[in-house]
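Below, each chain spelled out in residue letters.
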Amino acid sequence: MAKTLALYLHEMETTHAIDPRLTGLINHLAETCKEISFKVSQGALAGILGSAGSENVQGETQKKLDIIANEIMCRACTESGFVSAVASEEMDHALQVPADAEIGPYLVLFDPLDGSSNIDINVSIGTIFSILPAGTPHRDVKDEEFLQSGRHQLAAGYVIYGPQTQLVLTLGLGVMMFTLDIATGNFYQTAQNVVIDESTKEFAINCSNMRHWEAPVQRYVTELLAGKTGVRQKDFNMRWVAAMVAEVHRILNRGGIFMYPKDHRDPSKPGKLRLMYEANPMSWLIEQAHGKATNGHENILDIEPTGLHQRVAVFLGAKEEVELVTSYHQ
């Protein structure tokens, strides 16, 4: 039988001196995501599909499950005893640990339910998380304390709620995948040291926005679409699930490149995706799997954040393709 997540994390403590408080936090997040997975699986049966009639800090309409998942994650993290504060894509500012709860040396950022547009149509969605150092455990954490580049991450991953519920994790020691066994309630390791092929014939982008893209992206995608008759001299397949979790999960399993570029509809925004909640944790996973991630100009993990809800363009996946589309921006 494959090893459990708990056993894997215990081995990381003994063989790589990973802090037991960090592994404890990851175990806690895994348990929390099992609760979210159950909520997602109930869907219409529990009356939790559809819009909540409210907007998040991004000005986006919230689904009922967005709010439910955010509440579950916030409660679990702040009551865990492992964190000093948490930040969520769904909240304006950092959330403090209650005065009667213990604090720990970590900061957790998360997108509680990535792919909200897919909730009501039963397509894969997920929870993305990133763990940063908080230094000495303390209260009254300021938003600015979360503004650390992706290189400072101590752990990152996501849980995808699809035909199976899977946890994908990195501690900076490769990418590991765990699948939830609903019979035992355990996450069992089902893939280890995941590696992305440097080349690919598959790309993911929302082509309906093509007229809004900057010239380098238009050039790159036009070349892909030209196939064997074009300069690339090979045919490419296009995929688009409209959930970053699902797109990254596909790339980690079979390769490809995912792109969400800047466009001209709102020149004030450098991209759609959030650096702290989505781009940083996903970019670290991709890099740990021997892929690459840039914003078209520099490695995403090297970007010094300036705001908790900062947006960024994203090109990630197969190294050869990411390097090529990035070179077109130079």
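One structure accompanies this document, and this report is about it.

Quick notes on the overall build of the protein chain
Along its length, the protein chain carries seven helices and 17 strands. Over its C-alpha trace the protein chain gives a radius of gyration of 19 Å, about what one expects of a compact globule, namely 20 Å for 330 residues. Here the C-alpha coordinates of the protein chain stretch approximately 65 × 45 × 45 Å along the principal axes. For the protein chain, the residues scored as buried account for 57% of the 330 residues in total. Considering only contacts in the protein chain between residues 6 or more positions apart, those separated by 24 or more positions represent 65%.

So, the packing of aromatic side chains
In this structure the tally under the stated criterion is four aromatic pairs. Here the aromatic rings of Trp240 and Phe258 are separated by 5.8 Å at their centres, their planes lie at 5°, and the arrangement is stacked. With Trp240 in the loop between β12 (237–239) and α5 (244–254) and Phe258 in strand β13 (residues 257–260), this pair connects stretches of sequence that are 18 residues apart. Three or more aromatic residues link up through ring pairs in this structure, and these residues are Trp240, Phe258 and Tyr260.

A look at the sheet that holds strand β6 (residues 125–133)
Reading across from one edge, β4-β3-β5-β6-β7-β8-β9-β10 is the order of the eight strands in this open sheet, with mixed pairing throughout. Each edge of the sheet is formed by a strand with only one pairing partner; in this case those strands are β4 (95–96) and β10 (186–191). Bridge count for β6 against strand β7 (residues 155–161) is seven bridges, and the pairing is antiparallel. Residue pairing in the sheet places Phe129 in a bridge with Gly157 of β7. Where helix α1 (residues 5–16) meets the sheet, its contacts fall on β8 (165–170), β9 (175–181) and β10, and the angle it forms with β8 comes to roughly 5°. Packed on one face of the sheet, α5 meets β5 (106–114), β6, β7, β8 and β9 and runs near 105° to β7.

Digging into the state of the cysteines
The tally for this structure, following the rule as stated, stands at zero disulfides. With no disulfide of its own, Cys74 lies closest to Cys77 among cysteine sulfurs, the gap being 7.3 Å. Judged by its relative accessible area of 1%, Cys77 is buried.

Points about helix α4 (residues 215–226)
Its 12 residues give α4 an end-to-end C-alpha distance of 16 Å, which sits within 8% of 16 Å, the value for a rise of 1.5 Å per residue. Taken as a whole, α4 has its buried residues at Pro216, Val217, Tyr220, Val221, Glu223 and Leu224. The buried side chains of α4 occupy one side of the element, clustering within an arc of 155° when seen end-on. Facing away from the buried side of α4, by more than 90 degrees, are the exposed residues Ala215 and Leu225. Buried residues along α4 sit against β11 (202–204), β13, β17 (314–317) and α7 (319–327). Once α4 ends, the next one or two residues include Gly227, with phi positive near 60°.

Reading the values: rules and limits
Residues numbered from 1 in each chain as written. Predicted model: local features only at pLDDT ≥ 70, side-chain atom pairs only at ≥ 80, totals over all residues. Heavy atoms only, no water. Helix = DSSP H or I, 4+ residues; strand = E, 2+ residues; numbered from the N terminus. Rg over C-alpha atoms; globule rule 2.2 N^0.38 Å. Buried < 20%, exposed > 50% of the residue type's maximum accessible area, 1.4 Å probe, protein only. Contact = heavy atoms within 4.5 Å. Phe/Tyr/Trp six-rings, centres within 6.5 Å; stacked < 30°, edge-to-face > 60°. Pairing = 2+ DSSP bridges. Axes fitted to C-alpha atoms, helices over the stretch in contact; angles between N-to-C directions. Disulfide = S-S within 2.5 Å. Expected span 1.5 Å × (residues − 1). Arc of directions from axis to C-beta.

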